[in-house]
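Secondary and tertiary structure notes
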Amino acid sequence: SKHCSGQDFQISRVLVSFNSAVTKEEEVLLEQYLVGWDELIKFMEALGTVFSFISQEVKGKIGILRELQSTARGNEYYSVRSMMDHELRHNLVNFHKQTNSGCRTLLRLHRALKWLELFLHKLGMSSDESNTSDLCQEAYNEALAPYHSWLVRQAASMAFLALPERKVFFDIVCIEHEGEAQLVLERTVRSIVRVYNIMQEAYHSRGMLNLP
Ligand code: 1PZ
């Protein structure tokens, strides 16, 4: 359809960005990773205004990271591991209170990517009778709810009720025939899993999975 071109959201760009974020040495390049998120923001915006509070939140996190990349020490923010090691070396990571470190900010996006992985997987496996709000809520309960306050959980659940039905989703995702859906979604899920696992290990090995 007409909107599946140009500047509009394209799931293929999510796949390409996350794939190109991973180097042969299994480094995750921060800039490419954020480009993947830029595309996901377009996706949220295509879903309507109810989701703009969520996309504002994500834009805020991306903004903090791009800001860090633009400073004098910006070259240290080249990859996820170089960022982590730079911030740890200079005591920029606070393990006790909330700050705007790159590590804790990126951790929020990292956790949200697990939600997306689960949701896209469920969407790919879903049938005509499946309800997108339920799929979304299940993925949220598993991946993000444990890290969110009661108030945020309530707001998220309300937003999920406003999600469009599967057909509309497939349209936004630019899948013309439902038969293609599973393949395209699984390919995207694989590119997400690859980035996610590398970052999970980087956070885990530095004891940073629970940064406040
Ligand atoms: C398809 C429609 C989108 C569904 C999105 C599912 C997640 C909804 C939850 C949104 C709540 C956002 C409100 C603010 C949350 C923040 O408190 C947390 C923690 O940050 P802190 O307070 O520690 O600084 N922020 C996050 O967890 C960041 C990411 C939340 C949104 C993820 C959306 C992912 C969308 C993927 C692309 C479609």
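Please read all numbers here as calculations on a predicted model, not as lab measurements.

This part covers the environment of E67. Take E67: it is sitting in helix α3 (residues 52–69). The spatial distance from the C-alpha of E67 to the C-alpha of G102 is 9.6 Å, given a sequence separation of 35 residues.

Where helix α6 (residues 132–143) contacts helix α7 (residues 150–161), the two axes come as close as 8 Å, and the packing angle between them is 155°. One way to sum up the angle between α6 and α7 is to call them roughly antiparallel. Both α6 and α7 take part in a crossing whose hand is right-handed. Residue-level inspection shows S133, C136, Q137 and Y140 of α6 in contact with α7, the latter providing V152, R153, A156, S157, F160 and L161. Split by residue class, the contact of α6 with α7 holds six nonpolar, three polar and one charged.

Between helix α4 (residues 80–89) and helix α9 (residues 178–205), the shortest axis-to-axis distance is 10 Å and the interhelical angle comes to 15°. Here α4 lies roughly parallel to α9, going by the angle between them. Crossing handedness for the pair α4 and α9: right-handed. Touching V80, R81, M83 and M84 of α4 are M199, A202 and Y203, all from α9. Taken together, the residues of the contact of α4 with α9 sort by class into six nonpolar, no polar and one charged.

This paragraph deals with the site of the ligand. Not every one of the 20 residues close to the ligand is listed here, only the nearest: E57, K61, R104, R108 and H148. Between the ligand and E57, the relevant distance is 2.7 Å, taken from a nitrogen atom to a side-chain nitrogen or oxygen of the residue. Within the contact set of the ligand, an oxygen atom lies 3.1 Å away from a side-chain nitrogen or oxygen of R108. A total of 830 Å² of accessible area belongs to the ligand in isolation, and the protein chains cover 89% of it. Looking at the shell around the ligand, the elements with two or more residues in it are α2 (30–46), α3, α5 (102–125) and α7. Looking at the shell around the ligand residue by residue, the classes come out as 15 nonpolar, one polar and four charged.

A few words now on α4. The periodicity of an α-helix, 3.6 residues per turn, causes residues three or four places apart in sequence to face the same way. Every buried residue of α4 is accounted for by V80, M83, M84, H86 and E87. Buried residues in α4, looked at end-on, bunch into an arc of 170°, giving them a common side. Buried residues along α4 sit against α2, α3, α5 and α9. The first or second residue beyond α4 is N91, which carries a positive phi of 55°.

Among the nonpolar cores identified, the biggest contains 65 residues, and Y33, W37 and L106 are the most heavily contacted of them. Take this core: its biggest share by element is 12 residues, from α5. Among all residues touching Y33, those that are not within four sequence positions of it are F18, A21, V28, L106, L109, H110, L113, V195 and M199.

A full pass over the atoms with the stated rule returns 13 salt bridges. Of the charged contacts, one joins E39 and R13 as a salt bridge, the two residues approaching to 3.2 Å between their closest N and O atoms. A residue pair is termed long-range when its members are at least 10 positions apart, and E39 in helix α2 and R13 in helix α1 (residues 11–21) qualify at 26 residues.

Attention now goes to α2. Over its 17 residues, α2 runs 25 Å from end to end, which matches the ideal 24 Å to within 8%, given 1.5 Å per residue. All of the buried residues along α2 are L30, Y33, L34, G36, W37, E39, L40, I41, F43 and M44. Looking at the packing, one finds that the buried side of α2 touches α1, α3, α4, α5, α8 (166–172) and α9. A positive phi of about 110° marks G48, the residue just after α2.

Basis of the calculations
Residues numbered from 1 in each chain as written. Predicted model: local features only at pLDDT ≥ 70, side-chain atom pairs only at ≥ 80, totals over all residues. Heavy atoms only, no water. Helix = DSSP H or I, 4+ residues; strand = E, 2+ residues; numbered from the N terminus. Axes fitted to C-alpha atoms, helices over the stretch in contact; angles between N-to-C directions. Parallel < 35°, antiparallel > 145°, perpendicular 65-115°, else oblique. Left-handed = near helix turned anticlockwise from the far one by under 90°. Contact = heavy atoms within 4.5 Å. Nonpolar A, V, L, I, M, F, W, Y, C, P; charged D, E, K, R; others polar. Near = heavy atom within 4 Å. Polar contact = N/O pair within 3.5 Å; in protein donor to acceptor, adjacent residues only side chain to side chain. Areas by Shrake-Rupley, 256 points an atom, 1.4 Å probe, with all protein chains shown as cover. Buried < 20%, exposed > 50% of the residue type's maximum accessible area, 1.4 Å probe, protein only. Arc of directions from axis to C-beta. Core = buried A, V, L, I, M, F, W, Y, C linked by side-chain atoms within 4.5 Å. Salt bridge = Lys/Arg side-chain N within 4 Å of Asp/Glu carboxyl O. Expected span 1.5 Å × (residues − 1).

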